[in-house]
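So the chains spell out like this:
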Amino acid sequence: MNIGDYTIGQNKPPFIIAEMSGNHNHSLDRALVIVEAAAEAGAHAIKLQTYTADTITLDVAEGEFFISDEKSLWTGQNLYDLYKQAYTPWEWHEPIMKRAEELGLICFSTPFDETAVDFLESLNVPAYKIASFENNHLPLIRKVAATGKPLIISTGMATIAELDEAVRTARDAGCQNLILLKCTSTYPSTPENSNILTIPHMRELFNCEVGLSDHTLGIGAAVAAVAHGATVIEKHFTLSRVDGGVDSAFSIEPAELKMLVEETERAWQSLGGVVYGPGEAEKKSLMFRRSLYVAEDMKAGDVFTKENLRCVRPGLGLAPKYYEVLMGKRVNRDVKKGMAVEWGMVG
């Protein structure tokens, strides 16, 4: 399958998405610099989020609309104010997408309601992403799938039954190109709760491309995901964590994004196939294996002993497995120290 001009599949390097989210800190200039930094680091795509506080929650500052969990990055805020702080103004989408196109980056977005889908369709985005917290929003999935564009769904918190509902809804509504991203919906998440082994299971279960939406610090989980068949990696991206921002604590910086691109591609390159025996590149190294050599000058009729028969490098003599077979056997001619042992000199 393709998103834009990039082919996604196990025969291609992983598709790397830099998620801007709210890391623009309400500056369009900063947003454009984030796009430039993502392109320079080698990412293939930049992703936005399309919502307003009014399309995602209610303007209520108490009860379940107030974040009281002391372990949350956003404790002490209410949902409405948090989303007002984090949202990307809709009028910024076009200049951001234009800058991405100029730099060869694919730009698409996560819509959070039906009006956002209509807006993004007017900008002709090449793909859509459904966030983990919306993977149970079947009307939204149906609306997005009906566009016929490639659809990425993050699977955070979803049970197999819920994922089955989401996938069936998408496919029944016309989605032919689907990607599921293993995701742990904690911010940040940890390697211990990433459960990367779910990725090959999801591929088998839902018969689609799979990847990782990664909220861990560093790139280890992403590399492990590629080693287990992930073809898409999404990471939140910022210019600098010290600049702050709603998602900065679990976002990677430009140097880390560059390393992510390079190391996930190396991980993909290393997969190869199930191969035993010397590969083409290894054949020259065969001569540096151990083999049997004459270790002292010998006269015809002398027998092999542990002093004059050695298992050494290089590997041009008989294999070491014949050491005991040859021990005590006589040579049939004079042989010099350093000669590779061959059957023709025995008996």
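Read on for an overview of the structure. A quick note: this is a predicted structure, and the numbers were derived from the prediction, not measured.

A few words on the overall build of the protein. A tally of regular secondary structure across the protein gives 11 helices and 12 strands. Relative to a compact globule of 347 residues, whose C-alpha radius of gyration would be 20 Å, the protein shows 30 Å and is clearly more extended. Taken along its principal axes, the extent of the C-alpha atoms in the protein is 100 × 45 × 40 Å. Within the protein, the fraction of its 347 residues that count as buried is 46%. The contacts in the protein between residues at least 6 apart in sequence include a share of 65% that link residues at least 24 apart. Carbon and sulfur atoms provide 52% of the accessible area of the protein, an area that totals close to 17,200 Å².

Before going further, it helps to examine the packing of aromatic side chains. Taken as a whole and judged by the stated rule, the model has seven aromatic pairs. When the ring of Y51 is compared with that of Y83, the centres are 5.8 Å apart and the planes differ by 80 degrees; the resulting orientation is edge-to-face. Of this pair, Y51 sits in the loop between β4 (45-50) and α2 (53-56) while Y83 sits in helix α3 (residues 79-86), placing them 32 residues apart in sequence. Considering the side-chain rings of Y187 and F250, the 5.2 Å spacing of their centres and the 50 degrees angle between planes classify their relative orientation as tilted. Pair noted here: Y187 is in the loop between β8 (178-183) and α8 (198-206) and F250 is in the loop between β10 (232-236) and α10 (254-271), with a separation of 63 residues, a long-range link. Here a set of aromatic residues connected by ring pairs shows up, and it is made of Y51, Y83 and F112.

Within the element layout of this structure, N78 appears in the loop between α2 and α3. Among the residues examined, N78 registers a relative accessible area of 10% and is labelled buried. Here the side chain of N78 touches D81 through a polar contact of 2.9 Å, landing on its backbone nitrogen. Setting aside its immediate chain neighbours within four residues, N78 contacts V60, A61, F65 and F66.

For the rest of this paragraph, the subject is the environment of D113. Looking at the secondary structure, you find D113 in the loop between β5 (106-111) and α5 (114-122). Given the relative accessible area of 12%, D113 is considered buried. Separated by 62 residues in the primary sequence, D113 and Y51 place their C-alpha atoms 7.2 Å from one another. Leave out the neighbours within four places in its chain, and D113 touches T55 and L140. Of note is the side chain of D113, whose polar atom sits 2.7 Å from the side chain of T115.

A separate point is the pairing of β10. For β10, the tally of buried residues reaches five of five residues, placing the bulk of the element in the interior. Of the two faces of β10, the one holding V232, E234 and H236 and the one holding I233 and K235 are both buried throughout. When strand β3 (residues 15-19) meets β10, the two strands line up parallel, connected through five bridges. Residue pairing in the sheet places I17 in a bridge with E234 of β10.

On the surface, a cluster of positive charge is contributed by R290, R310, R313 and K337. Mapped onto the elements, R313 comes out in the loop between β12 (309-312) and α11 (323-326).

Before going further, it helps to spend a moment on the packing of helix α9 (residues 220-227) against α10. At a minimum axis distance of 8 Å, the contact between α9 and α10 shows a crossing angle of 25 degrees. For the element pair α9 / α10, the angle class is roughly parallel. Both α9 and α10 take part in a crossing whose hand is right-handed. Two secondary-structure elements touch here, α9 through A222, V223, V226 and A227 and α10 through L260, E263, T264, A267, W268 and L271. When its residues are assigned to classes, the contact of α9 with α10 shows eight nonpolar, one polar and one charged.

Before going further, it helps to spend a moment on α8. Inspection of α8 places I199, M202, R203 and F206 among the buried residues, and these make up the whole buried set. The buried residues of α8 occupy one face: seen down the axis, they fall within an arc of 100 degrees. Summarising the contacts, the buried residues of α8 are in contact with α7 (160-172), β8, β9 (209-214) and α9.

The next thing to look at is α5. Turning to α5, its buried residues are A116, V117 and L120. Down the axis of α5, the smallest arc covering the buried residues is 105 degrees, so these residues share one side. Looking at the buried positions of α5, the neighbouring elements they touch are β4, α4 (93-102), β5, β6 (128-130) and α6 (138-145). Where α5 terminates, the next one or two residues include N124, which has phi positive at roughly 55 degrees.

What counts and how
- Residues numbered from 1 in each chain as written.
- Predicted model: local features only at pLDDT ≥ 70, side-chain atom pairs only at ≥ 80, totals over all residues.
- Heavy atoms only, no water.
- Helix = DSSP H or I, 4+ residues; strand = E, 2+ residues; numbered from the N terminus.
- Rg over C-alpha atoms; globule rule 2.2 N^0.38 Å.
- Buried < 20%, exposed > 50% of the residue type's maximum accessible area, 1.4 Å probe, protein only.
- Contact = heavy atoms within 4.5 Å.
- Areas by Shrake-Rupley, 256 points an atom, 1.4 Å probe, with all protein chains shown as cover.
- Phe/Tyr/Trp six-rings, centres within 6.5 Å; stacked < 30°, edge-to-face > 60°.
- Polar contact = N/O pair within 3.5 Å; in protein donor to acceptor, adjacent residues only side chain to side chain.
- Pairing = 2+ DSSP bridges.
- Patch = residues over 30% accessible without salt bridge, like charges linked within 9 Å, V, L, I, M, F, W, Y side chains within 5 Å.
- Salt bridge = Lys/Arg side-chain N within 4 Å of Asp/Glu carboxyl O.
- Lys, Arg positive; Asp, Glu negative; His and termini not counted.
- Charge placed at Lys NZ, Arg CZ, Asp CG, Glu CD.
- Axes fitted to C-alpha atoms, helices over the stretch in contact; angles between N-to-C directions.
- Parallel < 35°, antiparallel > 145°, perpendicular 65-115°, else oblique.
- Left-handed = near helix turned anticlockwise from the far one by under 90°.
- Nonpolar A, V, L, I, M, F, W, Y, C, P; charged D, E, K, R; others polar.
- Arc of directions from axis to C-beta.

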